[in-house]
Structures are given as C-alpha cells and as structure tokens.
Amino acid sequence: WAGTMDLTEPNSGSDVGDIATKAFPTDEPGVYKIVGTKCFITGGDQDITENIIHLALARVEGSVPGTKGISLFVVPKYWPNEAGDVGEFNDVNCGGIEHKMGIRGSATSIVNFGEENKCRGYLLGNPPVDGKGEGMAQMFQMMNEERAVTGLAANAAATVSYNNAAMYAAGRIQGRQITNPKAGRVTIINHEDVRRMLMYQKSITEASRAMISMSYYAMDIAENTEDENERNRAKAFVEVNTPIIKAWCSDLAFLSISEAMQCYGGYGFSEEYPIAQQLRDCRIYPIWEGTNYIQSMDLIGRKWMMAGGKVFATWFAELEKFAADHKDHPVLAAQVALLTEAINQYKEIQAAMSGYVGQGKFGMIGFFATRILHATGYIYGAKLLLEHAVIAQKKIDELGKEHFEYPYYAGKVASAKFFAHNLLPNVGMTLKVIKEGDTSVMEIPEASYLLV
Ligand SMILES: Cc1cc2nc3c(=O)[nH]c(=O)nc-3n(C[C@H](O)[C@H](O)[C@H](O)COP(=O)(O)OP(=O)(O)OC[C@H]3O[C@@H](n4cnc5c(N)ncnc54)[C@H](O)[C@@H]3O)c2cc1C
C-alpha cells in the first residue's frame, strides 16, 4: 500500500486556507463523510500498489474559515477487510492524470472524494474545538520533512548533472586555448568559460549538500538526544534551515543543471544525453511543497521573528563566529573577509527591511523576500564551503601536492574561493536593490503587463 498527501485543490494551491473539501460527521465516532476534489496529488492513483491511503485536508462542517478550521483525515481508496486485505471501495476516484514536463515516472492525479457520496475517512487526532482543527499542524510535520527531501532531491539532480558535465568536458575536444592557441585543439575542460561553468556547478552542489547534511544532522540530534536544551537548539536550527534548503537548493539546482547542459553544447539539448531529463525533472522542486516564494515568506515572516528573533540570531551567530575565528587564515583570509563583508551587508538588509515595515511599507516584504532568501543561502553556503576549505587546506599542507588525494582537496579549496568571489557578491547587490526600494512594478496598471 502507498500513501499520499492531499492538500492542493483547483482553487486552493499556495493558499491552503481556502480549501473547499468538506467533512461531515457520521454516526460512527471519528468517521466522517468526505466530499471534495484534490489536484496534483503525487501517487494520487496508480496501479503499482493494491491500495492507496490518502492523508487529506478537509474542513469539518461548521469550522472556521482559513487554515485554523482545517482537519486531517485518513482516507483509504479501499477499506481493509477483517483479514487486513483490500476490501470495499471507498468512492475515491481518479479524475485524471497530469501530463507533465518532468518526473513522468510519478503519477500526478486529480482525486475526487465522494463522487457517489460514499467516501468516508478517519479523523486524525481530535475533532475541532470552537471550529478549530489540528490538520495544518499535523500536516506540517510531514511538510517539513518533504521540504528537506525536496532540497535533497534537487541537489541529487544537480550533482549527477555536474558529474556528467565534468566527464563530458574532459573528453570533448573543441577549440584551442585562448592563452596558447598554437598548441592545437584541446578538450573543452581546458577553456576558461567551461571551467567557470563547472566550478559554478561544483560549488553550488557542494554548498547545497553541506546545508542539507547539517539539517539532517540536527534532525538526528533532535530525535535522539536526551538533553532538552540540545534538542531545542537542534530543532530551532532545523526551523531556520528548512526554507533555505528547500528553496535555495532547488532554485540553484535548476541554474546549475542549466549550466551542465551548456557544457554539453547541442548534445545537452538532446534526449540522448542525461541532462535534458534532469533539467525537466528538477523544475518541480521550486514549485511543490509550498512554492519558493512561500519558503521566503516563511524565512522572513516566521523564522526571522521566531522567539523574538532569538532563533535566527543563534543561527546567524554561528556564521559570525566562523568568520571571526578564521579572519587571519593563512590561505583563506581574503575569502573570509568577503564572508564578513556579506554578513554585514545581510545585517543591513535586515535593518532596511525593518525600516520599511516600520513605515508601513509591507509590500516591500513581498518584493524582496525571494531575493533575501537567496542572500541567506549565499552567506550560509559560503560559510560551509569555507569550513570545508579550512579542513582541505590542512590536509594539503600535510600531504603535499604529489599525493593522490591532492586534486580532491584542491578542488574543495577552489570551490570555496569561487563561491566567495563569484556568488557571494549577490548579497551586496541584494542590499543595493533593497535600499533603492524601487516599487515601479506595482505603480503601473495591470494593463501595462498585458498590452505588448
Ligand atoms: C508534479 C506535482 C506534484 C504535486 N504533488 C502534490 C501532492 O502530492 N500533494 C499536494 O497537495 N499538492 C501537490 N502538488 C501541488 C503543489 O504543491 C502546488 O502546485 C503548489 O503548492 C502551488 O500551488 P498552485 O499550483 O495552485 O499555484 P498558485 O498558488 O496559483 O501559485 C502561482 C504563482 O503565484 C504565486 N503566489 C501565490 N500566492 C501568492 C501570494 N499570496 N503572494 C505572492 N505570490 C503568490 C506562487 O508563488 C506562484 O509563483 C504538486 C504539484 C505538481 C506540479
């Protein structure tokens, strides 16, 4: 048997609070009649498993509007019989399968509950009190894991694409080196622009992998430690990391895979090579589990403010401490200085945003949320890559350049340097854009977008 999570409806995607699926109490305690339509449900209907158990959000009749009035139901496609096998059909129908640009191995379906008014589901947890259900809080336990998994899957796609692109670039002969044209034709990995593209991919995939690993490490601590303070610290860390790894890793994965395709030239655009599919498949990650804009709002609207700002301040302090501890590093001091500069710019971003909010300019949050999330990913990624580089440099000093592991460690140092010099400056640009605060996109009439 397989499971699904059923939030999205045709008229309610990002705004889950507007769902129209309804639940009506029956004579049987805890069992409700379910009526409604969900769309874009992953594994919503398929022939691989004999039964599908839907976890569906619905509003119990009479509950309050918005997310507060939502409850969560366990709705099987078939009721289990006494032996625990597939039994009576529960009036859960497939309304259609989406024809998608990617992840075509995953059946994304419209699910109709109660076409014949015969669909029933178990309420998970308690019935609504004063019209308020527990559904969103329950669903968020799964959503947070799914958001981490989304970042992880995006990173996997970007990593396999990078690995393929690097191998291809090492074999494809084309052109002569700009610095030594007389030496004859070379493999494209010798060209500056191809190296730039490869290092872009390498540094993004390594930064993403580090962020994701840190999140899962903290999740393990939260689950296994017996020390309550340590558990709370780990949970707080995951809270901040989750929107970053969902959104930054997925946005950057797509850009990274696009560069992998570019390394292949025309062959990258061909389905004979692996990149085209990776690029198509990975485009879902910025969209589902809450679009990346929703993640940005989560970061700025919730995580920045959590516990009066203490949660984010603790997370941020780790970056500041790393930069302070390594400011005199014999090899990486220049890159650590760039990190310090970006950290200070980030503080200015926060100050500028609180200035706008103080003036009642709430629209500025909407304008800049996505870019602030990206800036957060850049400072975090730079810190983690520099942390790697410090360790790698120590190994290089120990082993020397002749050792067979030297290229691996040299790659780590180069990855951190590239990220600091080439990607981290995005934070300064975001600050500049935020300070200027141009709002012309909202000042023009809607028709200005429609008349071309
Ligand atoms: C392949 C696939 C699998 C999926 N699997 C599942 C699943 O298993 N279960 C499930 O429940 N759902 C699933 N979804 C649905 C997915 O979570 C939604 O598509 C997503 O949440 C966005 O909702 P929407 O498509 O209605 O877009 P909209 O909500 O209409 O958003 C469109 C655009 O407007 C922006 N936007 C929306 N509201 C605002 C706002 N207030 N302010 C600023 N910008 C805004 C969004 O960020 C987005 O860019 C899946 C979708 C796909 C494509």
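The structure presented is a predicted model; accordingly, all values stated were derived computationally and were not measured.

1. Notes on the overall build of the chain
Part 1 of the argument: Helices and strands together make up the secondary structure of the chain, namely 13 helices and 12 strands.
Part 2 of the argument: Here the C-alpha coordinates of the chain stretch approximately 85 × 60 × 55 Å along the principal axes.
Part 3 of the argument: Split into buried and exposed, the 452 residues of the chain put 46% on the buried side.
Part 4 of the argument: In the chain, the share of contacts with a sequence separation of at least 24, taken over all contacts with a separation of at least 6, comes to 70%.

2. Here's the deal with the site of the ligand
Part 1 of the argument: Surrounding the ligand, one finds 18 residues, the nearest of these being Met5, Thr8, Ser14, Phe40 and Thr42.
Part 2 of the argument: Taking Leu7, its main chain carries an N or O atom lying 2.8 Å from an oxygen atom of the ligand.
Part 3 of the argument: For the ligand, the protein covers 62% of the area, taking 970 Å² as the surface of the free molecule.
Part 4 of the argument: Going through the elements one at a time, strand S1 (2-6) and strand S3 (31-42) are the ones with two or more residues in the shell around the ligand.

3. Considering unusual backbone geometry
Across the chain, the bulk of peptide bonds are trans and the bulk of non-glycine residues have phi less than zero.
Part 1 of the argument: Although it is not a glycine, Asn117 sits at a positive phi angle of roughly 65°.
Part 2 of the argument: Structurally, the position occupied by Asn117 is in the loop between strand S9 (108-113) and strand S10 (120-123).
Part 3 of the argument: With a relative accessible area of 44%, Asn117 lands in the partly exposed category.
Part 4 of the argument: Positive phi outside glycine occurs at Glu289, with the angle close to 60°.

4. Describing the side chain of Lys412
Part 1 of the argument: Residue position: Lys412 is located in helix H10 (residues 406-423).
Part 2 of the argument: With sequence-adjacent residues up to four places away left out, Lys412 is seen in contact with Lys202, Glu206, His388, Ala389 and Ala392.

5. A short note on the pairing of strand S4 (residues 52-60)
Part 1 of the argument: Taken across its nine residues, S4 has seven buried, putting it largely inside the fold.
Part 2 of the argument: In the sheet, S1 pairs with S4 via five bridges, with the strands oriented parallel. Its bridge partner being in S4, Gly3 is matched across the sheet by Ile53.
Part 3 of the argument: Of the pairings in the sheet, the one linking strand S2 (residues 22-25) to S4 comprises two bridges and is parallel in character. Bridge pairing in S4 links Lys22 to Arg59.
Part 4 of the argument: Strand direction decides the pairing type here: S4 and strand S5 (residues 70-76), joined by seven bridges, are antiparallel. Residue pairing in the sheet places Leu57 in a bridge with Leu72 of S5.

6. Points about the environment of His329
Part 1 of the argument: Considering the arrangement of structural elements, one finds His329 in the loop between helix H7 (310-325) and helix H8 (333-358).
Part 2 of the argument: Placed 61 residues apart in sequence, His329 and Val390 show a C-alpha to C-alpha distance of 8.2 Å.
Part 3 of the argument: A polar side-chain atom of His329 sits 3.1 Å from the main-chain amide nitrogen of Val331.

7. Points about H10
Part 1 of the argument: With 18 residues, H10 should cover 26 Å at 1.5 Å per step; its first-to-last C-alpha distance of 25 Å lies within 8% of that length.
Part 2 of the argument: Among the residues of H10, those classed as buried are Tyr409, Gly411, Lys412, Val413, Ser415, Ala416, Phe418, Phe419, Ala420 and Leu423.
Part 3 of the argument: The inward-facing, buried residues of H10 contact helix H2 (192-224), helix H3 (228-264), H8, helix H9 (363-399) and helix H11 (425-436).

8. Some thoughts on the pattern of salt bridges
Part 1 of the argument: Applying the stated criterion to the full structure yields 19 salt bridges.
Part 2 of the argument: When the shortest N-O distance is used, the salt bridge between Asp325 and Lys321 registers 2.6 Å. One end of the pair is Asp325 and the other is Lys321, both in helix H7 and four residues apart, which spans about a single turn.
Part 3 of the argument: Classification of Asp325 by relative accessible area gives partly exposed; the value is 48%.
Part 4 of the argument: Under the relative-accessibility criterion, Lys321 is labelled exposed at 52%.
Part 5 of the argument: One salt-bridge network, held together by shared partners, links Glu239, Asp298, Arg302 and Lys303.

9. Overview of the nonpolar core
Part 1 of the argument: One finds Trp248, Trp315, Tyr346, Met353, Ile372 and Leu424 to be the most contacted residues of the largest nonpolar core, which totals 72 residues.
Part 2 of the argument: For this core, the elements supplying multiple residues, two or more each, are H2, H3, helix H6 (292-303), H7, H8, H9, H10 and H11.
Part 3 of the argument: Considering every element that reaches this core, the biggest residue donor is H9, with 19 residues.
Part 4 of the argument: Looking at which domains feed residues into this core, each of domain 2 (139-290) and domain 3 (320-450) supplies at least three.
Part 5 of the argument: Beyond its immediate stretch of four places on either side in the chain, Met353 contacts Trp304, Met364, Ile365, Phe368, Ile372 and Ile434.
Part 6 of the argument: Ala154, Ala169, Ala253 and Ala276 belong to the second-largest nonpolar core, a separate cluster that totals 23 residues.

10. Thoughts on the domain arrangement of the chain
One widely used convention gives an interface's size as the accessible area the parts lose upon coming together.
Part 1 of the argument: Under the domain assignment, the chain is made up of domain 1 (2-129), domain 2 (139-290) and domain 3 (320-450).
Part 2 of the argument: Taken over both partners, the interface formed by domain 1 and domain 2 buries close to 880 Å², and the fraction arising from carbon and sulfur atoms is 80%.
Part 3 of the argument: If you sort the residues of domain 1 by the area they bury against domain 2, Met5, Met101 and Ile103 come out on top, with a joint share of 60%.
Part 4 of the argument: Run the count over domain 1 and domain 2 and you get zero salt bridges.
Part 5 of the argument: Where domain 1 touches domain 2, the interface holds two residue pairs in polar contact (both at pLDDT 80 or more).
Part 6 of the argument: When contributions to the side of domain 1 that touches domain 2 are tallied by element, the ones reaching two or more residues are S1 and S4.
Part 7 of the argument: Looking at the side of domain 1 that touches domain 2 residue by residue, the classes come out as seven nonpolar, two polar and two charged.

11. Things to note about H9
Part 1 of the argument: The terminal C-alpha atoms of H9, which comprises 37 residues, lie 54 Å apart, in line with the 54 Å expected from a rise of 1.5 Å per residue.
Part 2 of the argument: At Ala369, H9 shows its largest bend, some 50°.
Part 3 of the argument: Phi turns positive, to about 80°, at Gly400, one or two residues after H9.

What counts, and where the lines are drawn
- Residues numbered from 1 in each chain as written.
- Predicted model: local features only at pLDDT ≥ 70, side-chain atom pairs only at ≥ 80, totals over all residues.
- Heavy atoms only, no water.
- Helix = DSSP H or I, 4+ residues; strand = E, 2+ residues; numbered from the N terminus.
- Buried < 20%, exposed > 50% of the residue type's maximum accessible area, 1.4 Å probe, protein only.
- Contact = heavy atoms within 4.5 Å.
- Near = heavy atom within 4 Å.
- Polar contact = N/O pair within 3.5 Å; in protein donor to acceptor, adjacent residues only side chain to side chain.
- Areas by Shrake-Rupley, 256 points an atom, 1.4 Å probe, with all protein chains shown as cover.
- Pairing = 2+ DSSP bridges.
- Expected span 1.5 Å × (residues − 1).
- Salt bridge = Lys/Arg side-chain N within 4 Å of Asp/Glu carboxyl O.
- Core = buried A, V, L, I, M, F, W, Y, C linked by side-chain atoms within 4.5 Å.
- Domains from an automatic or database assignment.
- Buried area = accessible area lost by both parts, 1.4 Å probe.
- Nonpolar A, V, L, I, M, F, W, Y, C, P; charged D, E, K, R; others polar.
- Bend = angle between axes of the 7 residues up to and from the residue.

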